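Observations on the three-dimensional arrangement
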Amino acid sequence: MSDRNGMKGGENFDLRDMLDQGKQLAFDQRIRYFSGWINGLMDRGEALYLREVLSAASREVEVYDRYAGKPRKMLMFGSNNYLGLTEHPYVIEQVRQAVEEYGAGVGGPPLLNGYTTLHREVEERLSAFKRKEETVIFQSGYGANVGILSCLLSENDLILYDAFSHASVHDGLRMSRAAAAKFAHNDTDMLEELLVAAADSPGDTFVCVEGVYSMDGDTAPLDEMMGLCRKYGAYLVLDDAHGTGVMGATGRGTPQLYGLEEEIDIVMGTFSKSFGVVGAAVSTSKPIADYLRFFARPYMFSSSIPPAVLAAVLAGIDVLENEPERHQRLRDNIDYTVERLRPLGFDVHPISGVIPLPVPRSMKIRDAAFTFHKQGIFINSIEYPAVPVDQQRFRISLMATHTREDIDRLVSCVEQVWEEHAGEKDQLRARESPKAA
Ligand SMILES: Cc1ncc(COP(=O)(O)O)c(C=O)c1O
């Protein structure tokens, strides 16, 4: 699946594109065809979706193994629970207390009955945490991106976005009245060309990028991009889903890493990664926040997230502030994993909690994924059409709670997988390590 400019990547795939190739199927045929196809793959262990986790999301999880017909323990390297907060005793206790005090849910959207003291407290804490004037809590990161892009821009405006942007950005653009143009991933020259071309257009220009790209684990060159935005009078919108809690000296996110917390105009951070729950926050100026509350349809027309979730976020901010060693452990685990993988020839860098392992053309990724599974390593395989065929990869997600032994087990399983599934010229011992060379 490729887009208009032939650029691919990111997390913006639509399985229908693949399903529809060369076929003109009516609804009933289409759903039956898909159902047979996906269930066949899952039954044969060729697609490891919907693995049923029987325990708390943790560094080690209990999973019902449908192929072995019984539960088993697996090391979790597929969760974005980067700080391991879902099992933190303080977080669990705060959640318990919030349920007792506020009940299970709110039963309505924020503008009507769904705005509690906890919603206000999370907004205030996150505004301080993100160094912004005001914060609006959305029901998901997906909804936040759709809300920002569909409501803030008018028909005269233009949005310039990175080709690897998340599906929520693409979907927000479909709902937006503004024109949109894409630049190649992290290509600041191309971005500048588009900004120059936009200089004479009547409306405002917005540049939309991610702090950490979820498929590649790399970061946007925010310093250069901020400079370009200032030079050409554009607004910078940052999706820091995978940066919040991970990037920056104390985990305040990618803007902290670049020293740009106050400069970036709109920063979205999800609760679904480092905070381990669901929901999202958009931190920005008060006028933009006011506008979002009354015009962003995913915010207005969807029920508020429940108190338990907000209590988990508040507790998570407390932990980040009071236990800096947890963030440091995550950073150490990232460094250690990179240190173990580089001598094997993987050109990986200690940037974020996401470490991609490119899968060579000689390796059948589904067979290799099943070997990880059989060895008790839970890892996500990113296959075509999520990425182009020659860019398939395994995606390691690290947590602060992983031990050195966990990472050693992961690395020896990587060695085993390559030995069993990579062609001769792609064997790890035959590859030249960029560091060891
Ligand atoms: C970069 C990025 N933005 C947005 C989202 C959506 O976040 P949420 O899961 O909170 O809806 C994700 C989640 O995968 C993501 O990776």
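Residues numbered from 1 in each chain as written. Predicted model: local features only at pLDDT ≥ 70, side-chain atom pairs only at ≥ 80, totals over all residues.

It is worth spelling out the overall build of the chain at this point. A count of helical and extended segments in the chain gives 15 helices and 14 strands. Out of the 437 residues belonging to the chain, those deemed buried represent 45%. A separation of at least 24 residues holds for 71% of the contacts in the chain among residues at least 6 apart in sequence. (Helix = DSSP H or I, 4+ residues; strand = E, 2+ residues; numbered from the N terminus. Buried ≥ 20, exposed ≤ 12 C-beta atoms within 10 Å, placed from the backbone. Contact = placed C-beta atoms within 7 Å.)

Here the focus is the domain arrangement of the chain. Note: interface size is frequently given as the accessible area lost on complex formation between the parts. Annotation of the chain at the domain level lists domain 1 (15-76 + 325-430) and domain 2 (89-322). If you look at the interface, domain 1 gives 13 residues, while domain 2 gives 15 residues. Listing elements by their share of the side of domain 1 that touches domain 2, those giving two or more residues are α13 (324-341) and β11 (354-358). Of the residues assigned to the side of domain 1 that touches domain 2, the class counts are eight nonpolar, three polar and two charged. (Domains from an automatic or database assignment. Nonpolar A, V, L, I, M, F, W, Y, C, P; charged D, E, K, R; others polar.)

Next up on the list: the pairing of strand β8 (residues 235-239). Burial within β8 is extensive, with four of its five residues counted as buried. By the bridge criterion, five bridges tie strand β7 (residues 205-210) to β8 in an arrangement that is parallel. Bridge pairing in β8 links valine 207 to leucine 236. One crossover worth recording links β7 to the parallel β8 by way of helix α8 (residues 222-232), and it is right-handed. (Pairing = 2+ DSSP bridges. Right-handed = clockwise from strand over helix to strand, strands pointing away.)

To continue, consider the nonpolar core. Counting residues in each nonpolar core, the largest one holds 112 residues, and the members touching the most others are Val207 and Met225. Per-element tally for this core: the top contributor is helix α12 (residues 307-322), with nine residues. Two domains each put at least three residues into this core: domain 1 (15-76 + 325-430) and domain 2 (89-322). Excluding residues that lie within four positions of it along the chain, methionine 225 makes contacts with Thr188, Leu191, Val207, Val209, Ala220 and Leu236. (Core = buried A, V, L, I, M, F, W, Y, C linked by C-beta atoms within 7 Å.)

Okay, the site of the ligand next. With respect to spatial proximity, 15 residues lie near the ligand, and among them Ser140, Gly141, Tyr142, Ala241 and Ser272 are the closest. Counting residues per element, the shell around the ligand draws most heavily on helix α5 (residues 141-152), at three residues. Of the residues in the shell around the ligand, the class split is three nonpolar, nine polar and three charged. (Near = placed C-beta within 6 Å.)

Across the sheet, four strands lie side by side as β1-β2-β3-β12; this open sheet has mixed pairing. Since the sheet does not close on itself, it has two edges, and those belong to β1 (52-53) and β12 (377-378), each with one partner. Taken together, the two bridges between β1 and strand β2 (residues 60-65) define a ladder with antiparallel strand orientation. The residue of β2 that forms the bridge with glutamate 52 is tyrosine 64.

It is worth spelling out unusual backbone geometry at this point. At leucine 50, a residue that is not glycine, the phi angle is positive and equals roughly 55 degrees. Positionally, leucine 50 belongs in the loop between α2 (27-43) and β1. Here leucine 50 falls in the exposed class, since 8 other C-beta atoms lie within 10 Å of it. At asparagine 186, a position not held by glycine, the phi torsion is positive, near 60 degrees. Residue classification places asparagine 186 among the buried positions, given that 20 C-beta atoms sit within 10 Å.

Turning our eyes to something else, we now look at the pairing of strand β6 (residues 179-183). Note that strand β5 (residues 158-162) and β6 share five bridges and pair parallel. Counted as the bridge partner of leucine 158 is alanine 179 from β6. The handedness of the β5 to β6 crossover, carried by helix α6 (residues 167-175), is right-handed.

We now examine the environment of arginine 131. Within the element layout of this structure, arginine 131 appears in the loop between α4 (117-130) and β4 (134-138). Once you skip the residues sitting within four places of it in the chain, arginine 131 turns out to touch Glu261 and Glu262.

On to α12, then. One full turn of an α-helix is made of 3.6 residues, so residues set three or four places apart face in the same direction. With 16 residues, α12 extends 22 Å between its outermost C-alpha atoms, agreeing within 8% with the 22 Å of an ideal straight helix rising 1.5 Å per residue. Every buried residue of α12 is listed here: Pro307, Val309, Leu310, Ala311, Ala312, Val313, Leu314, Ala315, Gly316, Val319 and Leu320. Summarising the contacts, the buried residues of α12 are in contact with α3 (89-102), α4 and α13. (Expected span 1.5 Å × (residues − 1).)

On average, the chain scores 93 in pLDDT, and the residues at 70 or more come to 93%. In the model, residues 1-9 has pLDDT below 50 throughout and makes 17 contacts with residues more than four positions away in sequence or in other chains. (pLDDT = per-residue confidence, 0-100.)

Let's shift gears to the packing of α3 against α12. As a packed pair, α3 and α12 sit with axes 8 Å apart at the nearest point and diverge in direction by 145 degrees. Crossing of α3 over α12 shows right-handed handedness. On the side of α3, the interface is formed by Tyr90, Val91, Gln94, Val95, Ala98, Val99 and Tyr102, while α12 contributes Pro307, Ala308, Leu310, Ala311, Ala312, Leu314, Ala315, Gly316 and Val319. Looking at the contact of α3 with α12, its residues break down into 14 nonpolar, two polar and no charged. (Axes fitted to C-alpha atoms, helices over the stretch in contact; angles between N-to-C directions. Left-handed = near helix turned anticlockwise from the far one by under 90°.)

Where helix α14 (residues 365-374) contacts helix α15 (residues 404-421), the two axes come as close as 10 Å, and the packing angle between them is 140 degrees. Like other packed secondary-structure pairs, α14 and α15 cross with a definite hand, here right-handed. Along its contact with α14, which presents Asp367, Ala368, Thr371 and Phe372, the element α15 presents Cys413, Gln416, Val417, Glu420 and His421. The residue inventory of the contact of α14 with α15, partitioned by class, reads four nonpolar, three polar and two charged.

A word on the sheet that holds β5. Pairing in this open sheet of seven strands is mixed, and the strands run β4-β10-β9-β8-β7-β5-β6 from one edge to the other. Strands with a single pairing partner mark the edges of an open sheet, and in this sheet they are β4 and β6. The mean angle between the axes of side-by-side strands here comes to 20 degrees, regardless of whether they run parallel or antiparallel. In terms of strand pairing, β5 meets β7 through four bridges, oriented parallel. In the sheet register, leucine 160 faces β7, and the bridge partner there is valine 207.

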